[in-house]
Amino acid sequence: MTESFVIQADIANMPQVEERLFHFCRECNVGSYYSTISVATLQAVENAIVHGDESDVTKQVTVTFTTCRGGIAVEVSDQGNGFEFERYGQLPSEASASGEGIFVMKSLADRMSFSDGGRKVRLEFDVNGIDPADALERVALLQEHFSLIAA
């Protein structure tokens with residue numbers, strides 16, 4: 001099953017993405033994973049709008065939801081200039097929140113990859129047989145990161 005749609009690069013379109021993802025997850029019977037998938041997906045879309053397309057409403061963001069390998073894949077692409085994605089994804093330092101969104105996406109997804117010079121991100125979520133230890137490790141990593149920010 002696949003659903004693909006295009007939105008203008010406007011943060012006001014985020015609720016549309018969230019609603020469509022909710023219905024897609026429900027149709028795929030993976031509602032219990034919706035929160036994890038939603039946080040990472042909305043971060044990817046926000047990054048595409050704000051950083052990729054620089055909130056230029058004449059540009060578009062394409063979002064695709066697909067079932068794959070016992071899970072859900074989300075692809076988000078923008079019309080921006082791309083970026084050096086290899087530099088991001090590690091735990092951001094206290095001094096800089098740069099890359100925080102990519103860190104969150106990477107922490108929540110089972111697999112994350114960039115293509116098209118950083119203009120497209122693919123997030124894959126294994127919803128069949130997720131290892132409870134992996135889930136607890138993800139939660140602990142995110143809690144550690146956000147407790148550093150709050151301090």
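From a predicted model like this one, the values you see are computed outputs, not experimental measurements.

Some points on the pattern of salt bridges
Scanning the model with the defined rule gives seven salt bridges in all. Notably, a salt bridge pairs Asp126 with Arg111, separated by 2.7 Å at the nearest N-O pair. Taken together, the positions of Asp126 in strand S5 (residues 120-126) and Arg111 in strand S4 (residues 111-115) put the pair 15 residues apart, joining distant regions of the chain. Taking the relative accessible area as the measure of exposure, Asp126 reaches 24% and is therefore partly exposed. Measuring nitrogen to oxygen at the nearest pair gives 2.7 Å for the salt bridge that ties Arg122 to Glu124. A residue is classified by how much of its surface remains accessible, and Arg122, at 23% relative accessible area, is partly exposed. When salt bridges that share partners are traced, they join Glu75, Arg111, Lys120, Arg122, Glu124 and Asp126 into one network.

Some details on the packing of helix H1 (residues 14-27) against helix H2 (residues 34-52)
It is at 10 Å that the axes of H1 and H2 come closest, and there the two elements cross at 145°. Seen along the crossing, H1 lies across H2 with a hand that is right-handed. Two secondary-structure elements touch here, H1 through Met14, Val17, Glu18, Leu21, Phe22 and Cys25 and H2 through Tyr34, Ile37, Ser38, Thr41, Leu42, Val45, Glu46 and Ile49.

A few points about helix H3 (residues 100-108)
The element H3 is extensively covered by neighbouring structure, given that seven of its nine residues are classed as buried. Regarding H3, the residues found buried are Gly101, Ile102, Phe103, Val104, Met105, Ser107 and Leu108.

Examining the side chain of Thr41
Turning to its location among the elements, Thr41 is positioned in helix H2. Of the polar contacts made by the side chain of Thr41, one reaches the backbone oxygen of Ile37; its length is 2.7 Å.

Some thoughts on H1
Over its 14 residues, H1 runs 20 Å from end to end, which matches the ideal 20 Å to within 8%, given 1.5 Å per residue. When H1 is considered as a whole, its buried residues turn out to be Met14, Val17, Leu21, Phe24 and Cys25. Axial view of H1: buried residues confined to an arc of 95°, hence all on one face. In H1, the exposed positions that point more than 90 degrees away from the buried face belong to Glu19, Arg26 and Glu27. If you follow the buried residues of H1, they end up packed against strand S1 (2-8), H2, strand S2 (60-68) and strand S3 (71-77).

A look at the environment of Ala9
Inspection of the secondary structure assignment puts Ala9 in the loop between S1 and H1. When the C-alpha positions of Ala9 and Gly52 are compared, they lie 9.0 Å apart, and in sequence the two are 43 residues distant. In this structure Ala9 touches Ile49, Asp53, Ser55, Asp56, Val57, Lys59, Gln60 and Val61, once residues within four positions along its chain are discounted.

Quick notes on the rules
Residues numbered from 1 in each chain as written. Predicted model: local features only at pLDDT ≥ 70, side-chain atom pairs only at ≥ 80, totals over all residues. Heavy atoms only, no water. Salt bridge = Lys/Arg side-chain N within 4 Å of Asp/Glu carboxyl O. Helix = DSSP H or I, 4+ residues; strand = E, 2+ residues; numbered from the N terminus. Buried < 20%, exposed > 50% of the residue type's maximum accessible area, 1.4 Å probe, protein only. Axes fitted to C-alpha atoms, helices over the stretch in contact; angles between N-to-C directions. Left-handed = near helix turned anticlockwise from the far one by under 90°. Contact = heavy atoms within 4.5 Å. Polar contact = N/O pair within 3.5 Å; in protein donor to acceptor, adjacent residues only side chain to side chain. Expected span 1.5 Å × (residues − 1). Arc of directions from axis to C-beta.

None of this, on its own, says anything about what the molecule does.
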